[in-house]
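A structural walkthrough
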Amino acid sequence: MGLSKGVSGYVFHTVPVALHAVLTHAPDFKAAILAAVECGGDTDTAAAIVGAVMGSGIGHANLPRDWIEKLWLWPLDEAWMKRVCASMLSRKEGGSNFHQTRFPFWKACPRNMVFLVIVLMHAFRRLLPPY
């Protein structure tokens, strides 16, 4: 495709690379993600697309356990994500469990403040030489 600097965020570059990784490495989730990342460039977008497509095909039980255990999204942990999925399935079947999936804003605020400080520090660092 002539992407000498890796995959760009442009849809006509990212989607073909993601689909190639999925079709080449299915059903190996880890290999497909790594193939997309190894292309370089806008790897987070390509890997997100690959992860979504592969994850929907193989299901939660077949995701790499060591990767799931390393997730740190407090307060949005694996149990919360499972409740969201169960709630969505329940709604599809005619139920309503909205109370189980509410986003805990009061817990997320301290986490988001930490990330804000990290992002601002990185931005101010980019203002200094040698950039």
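Everything discussed here concerns the structure shown above.
Residues numbered from 1 in each chain as written. Predicted model: local features only at pLDDT ≥ 70, side-chain atom pairs only at ≥ 80, totals over all residues. Heavy atoms only, no water.

Re a nonpolar patch on the surface
- Taken together, Trp-72, Trp-74, Val-114, Phe-115 and Ile-118 make up a surface patch of nonpolar side chains, about 550 Å² in accessible area.
- Looking at the secondary structure, you find Ile-118 in helix 6 (residues 105-125). (Patch = residues over 30% accessible without salt bridge, like charges linked within 9 Å, V, L, I, M, F, W, Y side chains within 5 Å. Areas by Shrake-Rupley, 256 points an atom, 1.4 Å probe, with all protein chains shown as cover. Salt bridge = Lys/Arg side-chain N within 4 Å of Asp/Glu carboxyl O. Helix = DSSP H or I, 4+ residues; strand = E, 2+ residues; numbered from the N terminus.)

Points about helix 2 (residues 29-37)
- Taken as a whole, helix 2 has its buried residues at Phe-29, Ala-32, Ile-33, Ala-35 and Ala-36. Across the axial projection of helix 2, the buried residues extend over an arc of 160°, all falling on one side.
- Summarising the contacts, the buried residues of helix 2 are in contact with helix 1 (11-25), helix 3 (43-58) and helix 4 (65-69). (Buried < 20%, exposed > 50% of the residue type's maximum accessible area, 1.4 Å probe, protein only. Arc of directions from axis to C-beta. Contact = heavy atoms within 4.5 Å.)

Comments concerning the environment of Pro-27
- Mapped onto the secondary structure, Pro-27 falls in the loop between helix 1 and helix 2.
- Residue class for Pro-27 comes out exposed when judged on its relative accessible area of 63%.
- Separated by 35 residues in the primary sequence, Pro-27 and Asn-62 have C-alpha atoms spaced 9.2 Å apart.
- What Pro-27 contacts, discounting residues up to four positions off in sequence, is Met-54 and Ile-58.

Describing the pattern of salt bridges
- For the structure shown, the criterion picks out four salt bridges.
- Between Lys-30 and Asp-66 there is a salt bridge, with the nearest N and O atoms lying 3.0 Å from each other. With Lys-30 in helix 2 and Asp-66 in helix 4, this pair connects stretches of sequence that are 36 residues apart.
- Taking relative accessible area as the criterion, Asp-66 reaches 33% and is therefore assigned partly exposed.

Some details on unusual backbone geometry
- Cis geometry marks the peptide bond from Ala-26 to Pro-27; its omega dihedral reads 0°.
- In this structure, the amide linkage connecting Pro-129 to the following residue, Pro-130, adopts the cis form with an omega of 10°.
- With respect to the helices and strands, Pro-130 occurs in the segment after helix 6.

Considering the packing of aromatic side chains
- If you walk through the whole model with that rule in mind, you get two aromatic pairs.
- Here Tyr-10 and Phe-12 contribute two aromatic rings whose centre-to-centre distance is 5.3 Å and whose plane-to-plane angle is 75°, an arrangement assigned as edge-to-face.
- The class for Tyr-10 is partly exposed, based on a relative accessible area of 46%.
- Pairing Phe-29 with Trp-67 gives two aromatic rings, centres 6.1 Å apart and planes at 70°, and the pair type is edge-to-face. Pair noted here: Phe-29 is in helix 2 and Trp-67 is in helix 4, with a separation of 38 residues, a long-range link.
- The class of Trp-67 is partly exposed, set by a relative accessible area of 29%. (Phe/Tyr/Trp six-rings, centres within 6.5 Å; stacked < 30°, edge-to-face > 60°.)

By themselves, these are just geometric observations and shouldn't be taken as functional.
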